[in-house]
Every structure is written in structure tokens, then in C-alpha cells.
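Spelled out from the first residue to the last, the chains are:
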Amino acid sequence: MPFIPHSESDVRAMLAAIGVDQIEDLFDEIPAALKAQTLQHVPAGLPEMDVARLMRGYAAQDAGVLNFAGAGAYEHHIPAAVWQIVTRGEFYSAYTPYQAEASQGTLQLIYEYQTMMTRLTGMDVSNASLYDGATALAEAVLMAERCMKKGARRVLVPRSVHPAYRKTLRTIVDLQHIEVVEFDFCHAGATAGGIAADWLARQDFGAFTALVVPQVNYFGVLEEVDALTDWAHAQGALVIGVINPLALAVLKAPGQWGAKGADIVIGEGQPMGVPLSSGGPYFGILACKQEFVRQMPGRVVGRTTDLDGRAGFTLTLQAREQHIRRAKATSNICTNQGLLVTAATIHMALLGPEGLRRVAAHCMRNARALRERLAALPGVHVPFERAGFHEFTLALPVSAGTVIERLADARILAGVALDEDFPELGNALLVCATETKTEADLDRYAEALGRALR
Amino acid sequence: MSEIPGDLKFLKSHEWARLEDDGLVRVGISEHAQSQLGDLVYVELPGVGDAVTVGNACAVVESVKAASDVYTPVSGTVVEVNEALSDKPETINEDAYGEGWIFAVKPSNPEDMEALLDPDAYAELLDEEDAH
């Protein structure tokens, strides 16, 4: 459908038809005190030439920086073919696929995406995606409460889950009267940086609906997912896995955690073909076991046959979405991140299972190699020795902010400072090395950090 | 319009209630409701032992185009649920007033039945809805 704006005479005719003098009068219902007269932080419009110059300036700030920051958004190589295909008009301009007869290609693509996600997670069903990882966690918690009919309206969330995810979760579920009970990760010994399953088993948290298990956790550390899953199930609770889809190429699928597997799996989809783009848009993954599908938010594309017996695709399980069920919908999210899912699906299809495994293994090798190099520097140590994926925590002799500033001079983005969210960790820096880094890059970082600490 | 069995009472929201010899009230959705919903694909049943009050939504019927709450016409305790609907929700489409019952309540207030519509009043309600 083309976008054709109303002409002035259209607008006049419509206003005359309803007996209103001007468009502003349509908003009379809103008390004047609530109206924002001017938007303080939004500057006036600029000519195209000036906008282009402004954006080139912003782009230059990022250009040529060697990036070792992760913390939930990761730099990966995206084959050039991915966005070349995504930006084809058929994908790029297509809106949400309500009309099955008009959007078989989009529907098939989402169906393929769902299939790939169920294979990576070991779950039975995946939805067509949500907005991002953090909101997907909130949706999973709301879903868990619906699944457990007489849920405790309490969820257990370790502090090893991304701080922004925990904040988003609380923002969304507080008003639904669901209590988010945070508990600490282990700070010493062999399990430092993760949840100590044996410690957890000795705690009494009272009744709870679900345990959130991050794999890989915020510090890049692998959690004891089998023991944690079995413990939560033994307490009569559900398990919500928070995953990185790329890491699942080399890790055990959440569907195989413990004796019965995780019940709901969510994650940030960005590592699969979505550029960093200064923080978004990204997309959220949500998958679950078959028995919970009726409580799953979002939409699902199903494969079916038409009247002539030909295979085709259609939206299914829509009946619980907002446009039909209104206030009683499973979620107020009634859409999906179509374009980003398109990129992810093409990305995964191009790499294939073996390609994804190689990328993931390369990330792990690079992170391990960099960790060894940095830990050898005087005054630097690694507080969490548990095995990890492509990220690790460093304890520094000076503040992480200082190190980040000094390395920025050498055009290196050193990582993410942890002092604000985890003051107890002291001068801690979260460092990430993906497959995009070469041996020379790792050397350059180690040398620059060595100089910065001298 | 098919015949409405005379022993049924109705809510305006299209649930039926039948007081049985053993004192239980069996509940389902009307022929009209099932035809409006279309092919049912899922029924979410209440739990046996649930205490319910008139006006409570205690089940959900879901078709390919809508999911609707089922309200209980009487207060009391849910004593039976139609488990067969889990595998064959289409039973409601095929036999709304018989095999398609959804749950049975042991009523705590027998007068609840008197507040419901009789078949004639319900048929009138449907005529009015048609007229709109």
C-alpha cells in the first residue's frame, strides 16, 4: 500500500465533514497542563545536506575503533550477502503478514526462523520474535505466571543476569504485582562469577513461579544449568533460560538442561546478523515447550495446506493476541521484528550449523587467548575462573573508567565498566573478544593495556 | 434457529446451565455462541475444586478467530470438567448442548438459577442481536 499524505484540501474537507475548525481541536480532550508545548531535546528540522554532515560526524566517532565491548550487544562478522538480500524490496517494504494470501514469502521466512530457533534451543515452539532480549525476559516471566495457574507471583533472578534485563523486568512486572527476588552470585572459589547450585539448594526462598537461568551469564561465565534446572523443577517451579543464540551452537540446548529441560527460553537475537547500530533495533527470541504454547506471547507462523492440497503458510494462534483479545491478550506486544528476523534467518542459513559452530568456537578461543594475555599483566587478575564463552571479567589496579579513557586514545574500546552495577567487584572491566579479532588485535589490546597501567 | 432444549437456562453472555437430578449444574456455551466462534481449537478448563462466583471467567474457548471467556452462571465449586474436550474441542461445535458441556458446578446458592434467562427469553435476546 503506497503512502499518500493528505493534501490541505483533503484535510479541510474532512474537518468540515465532522464540523471541526482545526486539527488541534481534535485533541481538546487532553488537559492543557498535560500537553508538551515544545520538545526540549528535539532540535528544529535540518536540511538534508546538514543532516548528512551531522551523521557522517557521528559515524566517524565509531570508525576505526577496535571494539572489545560486549555486555549484551556483540560485534560479529555479517556476510555481505545478508543485508544485500534483506534490503530487497520484497522483504524491506513488507509490513506485518496479516494477509496470508499476500505474504507467503514473509510467512515462509518466519516459519524457517522459528524452525531454526527451536533447533538451537531444543524447545518445541518458537514465536516469530519480540522486541529485544530484555523485554523478552519480562514476557517470559508474565508467561510463566499464566502457565502456573495459581502461581506464586514471585520469580527468582540471579544477579548474574544482565543488569538492564533485570531493570526492564522489574519495570514491566512490578505493576502486575509480580515480585522479582534477586539473589547474589558466588563471589569466591571455583564457582565465583556464577550461581553456586549447592548453595542455592540450601536456601529457602519460599514459593516461587520460576527461576531465571542465564547461559552464558552477564560476566561471560557458564552456569551449572543442569543442577539449577533440576533444583527449580524439584521446587515445583518453571525454568526460564536466558541464552545467547550463537553460544548455543557449541553449548547444550536448554531443552536438554537437567532431567526435564528448561521450560521457556529467551534471548537477544542481535548476534545473529544484526549490526550493533548504536544499540538497536534488535530482536527478542522466545521459545517454549509445547505444553505452554497457549500462554506464549506474540505470533506464530504455521505450515498448512490450502483447499487444493498445496502447502502454504499462515499466522496461527493469533486468537490470544491484542487485536483480537484486547485487554485479555497474552501480551500487549502484538507484532514481531520482521526485518531483523529476516536478517537473522538469512545469516543462519548462510552460515549453517557448522559455520555457526566455527564462529562460536573461534570466539571462545579468542576470549581465552586474550584473557591469558591480559591476566599476565602486573596488577591485573581474573576474578572468575569458571569456563566462559566470548567474554570475561578483569580486576584492574585502577578504575575501569580510567582504563577505558586511556585505551580510547589508542582507538581501542576496552570494554564495559562494572562499577556502577556491581560496586562490590571494585575496578572491574567486562571484556569481549569475538571472532572478528585477529592475533594482532589481541596483542594490540594487551600492549595498550600494559601501557595504560604503567 | 435450532430448537433450544427446554431444561436449559442462559446467561446473556451465551453460556447455558442445566440443573441435573443430582443437584449439579452443568455448564456449556450455546449453539449460537459456537456458531459465532467457528471451529474451536482449544478449551482451557477450570480446575476441579475451584471455587467460582457468578460472573467469574473460569474457562476459555478458543477458535481460529477468537478466544472468549466462559462465565459461570452459578456460584459454587467446580466438581467435574469435560476432559474429553482437550483432545476434541470440536465436540462443542458438534453438540453444544450435550457432549460439548465444559464443566459442572456444585451450586452454593440454588437461587442463582432463577436469575438466568429461560429458553424463550434467550431466543428473544438472539432475535434482538440479529436485528442490530
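What comes next concerns the included structure. Here the residue numbering is sequential within each chain, running from 1 through the sequence in written order. Chain letters and ligand numbers both follow the written order, the letters beginning at A and the numbers at 1. A pLDDT threshold of at least 70 governs which residues receive local features in this predicted model, and a stricter bar of 80 or more applies before side-chain atom pairs are shown or counted, although totals over entire chains, interfaces and linings include all residues.

## With respect to unusual backbone geometry
Residue and element names in this part refer to chain A.
- Here Gln215 and Val216 are connected by a cis peptide whose omega angle stands at 5°.
- With respect to the helices and strands, the residue Val216 is situated in the loop between strand S5 (210-215) and helix H9 (225-234).
- Cis geometry marks the peptide bond from Gly280 to Pro281, where omega comes out at 5°.
- Following the sequence through the fold, Pro281 ends up in the loop between strand S7 (264-268) and strand S8 (284-288).
- The phi angle at Ala71 is positive, at roughly 55°, despite the residue not being glycine.
- Helix and strand labels come from DSSP, where a helix needs a run of H or I of at least four residues and a strand needs a run of E of at least two; each type is numbered from the N terminus. Note that Ala71 resides in the loop between strand S1 (66-67) and helix H3 (80-86).
- Phi is positive for Ser278, which is not a glycine, with a value near 55°.
- For Ser278, the position within the fold is in the loop between S7 and S8.

## Things to note about the packing of helix H12 (residues 400-409) of chain A against helix H13 (residues 439-453) of chain A
Residues and elements named next belong to chain A.
- Only C-alpha atoms enter the line fits that serve as axes; for helices the fit covers just the stretch in contact. Angles between N-to-C directions range over 0 to 180 degrees. Axis separation between H12 and H13 bottoms out at 10 Å; the angle between their running directions is 120°. In this view, H12 runs oblique relative to H13, as classed from their interaxial angle. Regarding H12 and H13, the two cross each other, and that crossing is right-handed. Two secondary-structure elements touch here, H12 through Val403, Arg406 and Leu407 and H13 through Ala448, Leu449 and Ala452.
- Amino acid classes used here: Ala, Val, Leu, Ile, Met, Phe, Trp, Tyr, Cys and Pro are nonpolar; Asp, Glu, Lys and Arg are charged; the rest, including Gly, are polar. Split by residue class, the contact of H12 with H13 holds five nonpolar, no polar and one charged. Roughly parallel here means an angle under 35 degrees, roughly antiparallel means over 145, roughly perpendicular means 65 to 115, and every remaining angle is called oblique. For a crossing to be left-handed, the near helix must be turned anticlockwise from the far one by less than a right angle; the clockwise case is right-handed. In this description, a residue-residue contact is defined by the distance between C-beta atoms placed from the backbone, which must lie within 7 Å.

## Here we look at the sheet that holds strand S4 (residues 40-44) of chain B
Residues and elements named next belong to chain B.
- Here three strands make up an open sheet; going across it, the order is S4-S6-S7 and the pairing antiparallel. Of all the strands in the sheet, the pair left with one neighbour each is S4 and strand S7 (67-71). Each strand of the sheet is rotated relative to its neighbour by a mean of 25°, with strand direction disregarded.
- Any two strands with at least two DSSP-identified bridges between them are counted as paired. Bridging between strand S6 (residues 57-63) and S7 involves five bridges; their strand directions are antiparallel. Counted as the bridge partner of Ala57 is Tyr71 from S7.

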